[in-house]
Amino acid sequence: FTLHYDRPGPGEWSRMSLAASWDAYRLVTDRDRFDTQTAGRQVTSADVDANDYGLRLEAERPIGALRLLLGVDANGRFDLSAVNDTLKYDLSGSLSSTVHEVSIEQARRDDLGAFVAVSGSLAGVALSAGLRGDTVKTENSGGYFGDRDTSNASLSGFAAATFRLAEGLEFAVQGAHGFRDALLSDRYYRGISGRGFIT
């Protein structure tokens, strides 16, 4: 589900934008290991279920020859759960045992960010710069790793300049610094994936 509202703002604000989203997420991975001369067949299934949300508010206005963009952004995942079921067969092909494992009982991740960006032109050079601050928190209850929580915060940003050298020819210089906090699956998942069994 996605809702997007965009219109001119009051006063000198040229644009106000609000975007909200919610998604139901589910991923089921099955792995079938065929029997060999010494080991029976083994079928493993991983079932991952979660909900994702997003909320973003932006406001834009001119300040002299510059354009100012302000915003806040909240996004995350909640009610994440993951279970693994393994069926083991003997050499005759009969089911010998079943194993049920709760990889993640319940986990959530919330990212709250605020950002500002400016752009404009000075002496024929197009300039832009931005700064963003994020606070990311995670919580895990039960499952393989037990009760854990994390909290990290950092700044990221960029700056760029574009010089027009001739008609149809420009030279751009830019630098950026990013911030990435581990996803819930990076931190707390244990089970099969498309690349094998991971912890």
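Quick note: structure is the one above.
A brief look at the structure comes next.

A word on the layout of surface pockets
Then, in step 1: The volume enclosed by the largest pocket comes to roughly 310 Å³.
Then, in step 2: If you go around the largest pocket, you meet 18 residues; those closest to its centre are Tyr-25, Val-48, Arg-77, Leu-183 and Ser-185.
Then, in step 3: Every element with two or more residues in the lining of the largest pocket is listed here: strand 2 (15-33), strand 3 (42-63), strand 4 (66-89), helix 1 (184-188) and strand 9 (191-193).
Then, in step 4: Broken down by element, the lining of the largest pocket gets its largest block of residues, four residues, from strand 4.
Then, in step 5: The residue makeup of the lining of the largest pocket, split by class, is nine nonpolar, five polar and four charged.

Regarding the environment of Arg-67
Then, in step 1: In this fold, Arg-67 is placed in strand 4.
Then, in step 2: The exposure class assigned to Arg-67 is partly exposed, which follows from its relative accessible area of 33%.
Then, in step 3: Between the C-alpha atom of Arg-67 and that of Leu-112, which follows or precedes it by 45 residues, the distance is 24 Å.
Then, in step 4: Aside from chain neighbours lying at most four places away, what touches Arg-67 is Ser-14, Glu-60, Arg-61, Pro-62, Ala-117, Val-118 and Ser-119.

Focus on the sheet that holds strand 4
Then, in step 1: Read from one edge to the other, the open sheet built from eight strands follows the order 1-2-3-4-5-6-7-8, with strand pairing classed as antiparallel. Of all strands in the sheet, those with a lone pairing partner are strand 1 (2-7) and strand 8 (169-177), marking the two edges. Here the strands of the sheet are splayed against their neighbours by 15° on average, with no regard to which way each runs.
Then, in step 2: Pairing of strand 7 (residues 148-166) with strand 8 involves nine bridges; the strand directions are antiparallel. Bridge pairing in strand 8 links Thr-162 to Ala-172.

Overview of unusual backbone geometry
The general pattern is negative phi for most residues beyond glycine and trans for most peptide bonds.
Then, in step 1: With a phi close to 55°, Asp-79 is a non-glycine residue in the positive phi region.
Then, in step 2: One can find Asp-79 in strand 4.
Then, in step 3: Accessibility expressed as a relative area gives 37% for Asp-79, which makes it partly exposed.
Then, in step 4: In this structure, Ala-123 is a non-glycine residue whose phi angle is positive, near 55°.
Then, in step 5: Along the chain, Ala-123 turns up in the loop between strand 5 (95-122) and strand 6 (125-141).

The rules behind the values
- Residues numbered from 1 in each chain as written.
- Predicted model: local features only at pLDDT ≥ 70, side-chain atom pairs only at ≥ 80, totals over all residues.
- Heavy atoms only, no water.
- 1 Å grid on protein atoms, 1.4 Å probe; cavity = no way out; pocket = protein on both sides within 12 Å on 5 of 7 lines; lining within 4 Å.
- Points joined across faces, edges and corners; volume = space filled by probe spheres on them.
- Helix = DSSP H or I, 4+ residues; strand = E, 2+ residues; numbered from the N terminus.
- Nonpolar A, V, L, I, M, F, W, Y, C, P; charged D, E, K, R; others polar.
- Buried < 20%, exposed > 50% of the residue type's maximum accessible area, 1.4 Å probe, protein only.
- Contact = heavy atoms within 4.5 Å.
- Pairing = 2+ DSSP bridges.
- Axes fitted to C-alpha atoms, helices over the stretch in contact; angles between N-to-C directions.

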